[in-house]
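Read off the chains here:
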Amino acid sequence: QVQLVESGGGLVQPGGSLRLSCAASGSIFRIIAMGWYRQAPGKQRELVATINSGGGRNFAESVKDRFTISRNNAENTVTLQMNSLKPEDTAVYYCNVVGYRSQLPSSREDYWGKGTLVTVSS
């Protein structure tokens with residue numbers, strides 16, 4: 001049983017900033033990677049940014065110069081700092097966690113938060 005609690009979504013004007021946070025808790029043995037995906041109305045869900053256990057980061061090309069992702073391994077949290085926001089960034093943002101439920105390699109699973117809405121509009 002794993003719980004992902006997301007926070008930080010809301011309404012912001014173009015050019016503004018928002019900070020999204022996600023905290024993982026429950027019966028998870030080890031987290032491999034954490035990140036954020038987003039889905040705009042009528043579009044497919046897409047990767048925004050991820051960070052793995054070694055600190056390696058991946059970003060969508062559309063956000064790599066504007067967003068920053070970080071994690072606190074001790075607290076099992078991941079944060080997404082979003083700057084210079086554009087109307088095109090409007091979407092539901094989903095926290096994603098990849099980890100092991102136990103020491104068994106077969107216990108690897110993919111977890112999703114329920115989503116938090118980010119609206120960029122004047």
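Here the structure is shown first, and the text comes after it.
No experiment lies behind these values; they were computed from the predicted model shown.

1. Thoughts on the packing of aromatic side chains
Throughout the structure, instances matching the rule amount to one aromatic pair. Look at Tyr37 and Trp112: their rings are 5.1 Å apart centre to centre, the planes differ by 70°, and that puts the pair in the edge-to-face class. Of this pair, Tyr37 sits in strand E4 (residues 30-39) while Trp112 sits in strand E10 (residues 108-112), and the two are 75 residues apart along the sequence. Over the aromatic face of Trp112 sits the side chain of Arg45, whose NZ or CZ is 4.7 Å from the ring centroid.

2. Digging into the pairing of strand E11 (residues 116-120)
Consecutive side chains of a regular strand alternate in pointing toward one face of the sheet and then the other. Burial along E11 is one-sided: the face carrying Thr116, Val118 and Val120 is buried and the face carrying Leu117 and Thr119 is not. Direction of pairing for strand E2 (residues 10-12) relative to E11: parallel, over a ladder of three bridges. Of the residues in E11, the one forming a bridge with Leu11 is Thr119. Taken together, the three bridges between strand E9 (residues 91-100) and E11 define a ladder with antiparallel strand orientation. Paired with Ala91 across the two strands is Val118, which belongs to E11.

3. Notes on the sheet that holds strand E1 (residues 2-7)
On the basis of which strands lie adjacent, the open sheet formed by four strands has the order E1-E3-E8-E7 and antiparallel pairing. Strands at the two margins of the open sheet, each flanked by one partner only, are E1 and strand E7 (67-72). Geometrically, the sheet is characterised by an average inter-axis angle of 15° between neighbouring strands, direction not taken into account. In the sheet, E7 pairs with strand E8 (residues 77-82) via six bridges, with the strands oriented antiparallel. Each bridged residue has a counterpart across the sheet, and for Thr68 the counterpart in E8 is Gln81.

Analysis parameters
Residues numbered from 1 in each chain as written. Predicted model: local features only at pLDDT ≥ 70, side-chain atom pairs only at ≥ 80, totals over all residues. Heavy atoms only, no water. Phe/Tyr/Trp six-rings, centres within 6.5 Å; stacked < 30°, edge-to-face > 60°. Helix = DSSP H or I, 4+ residues; strand = E, 2+ residues; numbered from the N terminus. Lys NZ or Arg CZ within 6 Å of the ring centre and 35° of its normal. Buried < 20%, exposed > 50% of the residue type's maximum accessible area, 1.4 Å probe, protein only. Pairing = 2+ DSSP bridges. Axes fitted to C-alpha atoms, helices over the stretch in contact; angles between N-to-C directions.

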